[in-house]
Amino acid sequence: LHIAQPKPLQAGIYLSFREFRQNQPSVKGGTIRIKGNPERDIIDKREVQFKGLGDRIKAKDLSKSIWGFCDGERVYINNWLVFQHASFSPLHSLGDYCPFIGRESAYQLVGSSVGTLVNETPAKRAYVFDATRGQAYLLDEERIEAILSGRGNLLHQYRQERDPQNPRTKIWYISAATQDQR
């Protein structure tokens, strides 16, 4: 990916993965503001304000129609594309692998063939956006080992971690591997 490095990130809305990859948001010129702390792992769509970015995108369709956005400092992926819920997650680093924390859909079907819709808040989990394939994946052990293998001592260090299943631990190691790419 190496999204426009060393160019600074361009603030705006990415309508597609291609725009993200090229660091060329097609909707720009206004302001993007996140209510509260923008460092949170998951930001509800109602907490993101897009002002003065033109009429190409209607606010009500925003959560389903865009790939993500950049506020000039961080890139946020649209969780609708991955989990079908209206929120955004910041990418913790940019490179071939872009780690983030997400949460699968709060609704799940359980029970017999008729089934019951249950609303539970699933735990936050570590994911990685594979920028070479344009896909997001759960950061399970197999994927972490594949990403960290051949990256110096990172895989060995990860295996020695006290809490390797912690999403923050996984994010840290993938971010470190991404930094090694530069």
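Remember, predicted model here, so these are calculated numbers, not experimental data.

K.L.:
Is there a simple way to think about the pattern of salt bridges in this case?
P.N.:
When charged atoms on two side chains of opposite charge get close, those side chains can pair. A complete count under the given rule lists 6 salt bridges for this structure. Glu47 is the salt-bridge partner of Arg40, the closest N and O atoms lying 3.0 Å from each other. Judged by relative accessible area, which is 24%, Glu47 ranks as partly exposed. Residue Asp41 is joined to Lys124 by a salt bridge in which the shortest nitrogen-to-oxygen separation is 3.5 Å.

K.L.:
What should I look at first to understand the packing of aromatic side chains in this one?
P.N.:
Remark: the centre distance and the inter-plane angle together describe each pair of aromatic rings, the angle taken between the planes. Following the criterion strictly, the structure yields 16 aromatic pairs and no others. Between Phe20 and Phe129 the ring centres are 6.2 Å apart and the planes differ by 80°, which places this aromatic pair in the edge-to-face class. Of this pair, Phe20 sits in helix α1 (residues 17–21) while Phe129 sits in strand β11 (residues 125–130), placing them 109 residues apart in sequence. With centroids separated by 5.3 Å and ring planes inclined at 90°, the aromatic side chains of Phe50 and Phe69 adopt a geometry described as edge-to-face. With Phe50 in strand β4 (residues 48–51) and Phe69 in strand β5 (residues 68–70), this pair connects stretches of sequence that are 19 residues apart. An aromatic cluster of at least three residues, connected via ring pairs, comprises Tyr14, Phe17, Phe20, Trp67 and Phe129. The residue whose ring lies beneath Arg143 is Tyr137, and the NZ or CZ to ring-centre distance is 3.8 Å.

K.L.:
Help me understand the environment of Tyr76 in this model?
P.N.:
Of note, Tyr76 is situated in strand β6 (residues 75–78). In this structure, the C-alpha to C-alpha distance between Tyr76 and Ser89, residues 13 residues apart in sequence, is 5.2 Å.

K.L.:
Help me understand the sheet that holds β11 in this model?
P.N.:
Backbone hydrogen bonds hold the strands of a sheet together, and the pairing may be parallel or antiparallel. Sheet architecture is open: 3 strands sit in the order β8-β11-β12, paired in antiparallel fashion. Where the open sheet ends on each side, the last strands, each with one partner, are β8 (97–102) and β12 (135–138). Each adjacent strand pair in this sheet contributes to an overall mean axis angle of 30°, direction not counted. Examined bridge by bridge, β11 and β12 share 4 bridges and lie antiparallel to one another. The residue of β12 that forms the bridge with Val128 is Tyr137.

K.L.:
Please clarify how the environment of Arg159 should be interpreted in this entry.
P.N.:
Tracing the backbone shows Arg159 in helix α5 (residues 154–159). Along the primary structure Arg159 and Glu145 are separated by 14 residues, whereas in three dimensions their C-alpha atoms are 9.2 Å apart. Within the structure, the side chain of Arg159 is placed 2.6 Å from the side chain of Glu145, a separation counted as a polar contact.

K.L.:
What is the right way to read the sheet that holds β6 from this model?
P.N.:
If you walk across this open sheet you meet the 5 strands as β1-β5-β6-β7-β3, and the pairing is antiparallel. The open sheet terminates on both sides in strands that have one partner only, identified here as β1 (12–14) and β3 (43–44). Across 2 bridges, β3 lies against strand β7 (residues 87–90) in antiparallel orientation. The residue of β7 that forms the bridge with Ile43 is Phe88.

Conventions used here
- Residues numbered from 1 in each chain as written.
- Predicted model: local features only at pLDDT ≥ 70, side-chain atom pairs only at ≥ 80, totals over all residues.
- Heavy atoms only, no water.
- Salt bridge = Lys/Arg side-chain N within 4 Å of Asp/Glu carboxyl O.
- Buried < 20%, exposed > 50% of the residue type's maximum accessible area, 1.4 Å probe, protein only.
- Phe/Tyr/Trp six-rings, centres within 6.5 Å; stacked < 30°, edge-to-face > 60°.
- Helix = DSSP H or I, 4+ residues; strand = E, 2+ residues; numbered from the N terminus.
- Lys NZ or Arg CZ within 6 Å of the ring centre and 35° of its normal.
- Pairing = 2+ DSSP bridges.
- Axes fitted to C-alpha atoms, helices over the stretch in contact; angles between N-to-C directions.
- Polar contact = N/O pair within 3.5 Å; in protein donor to acceptor, adjacent residues only side chain to side chain.

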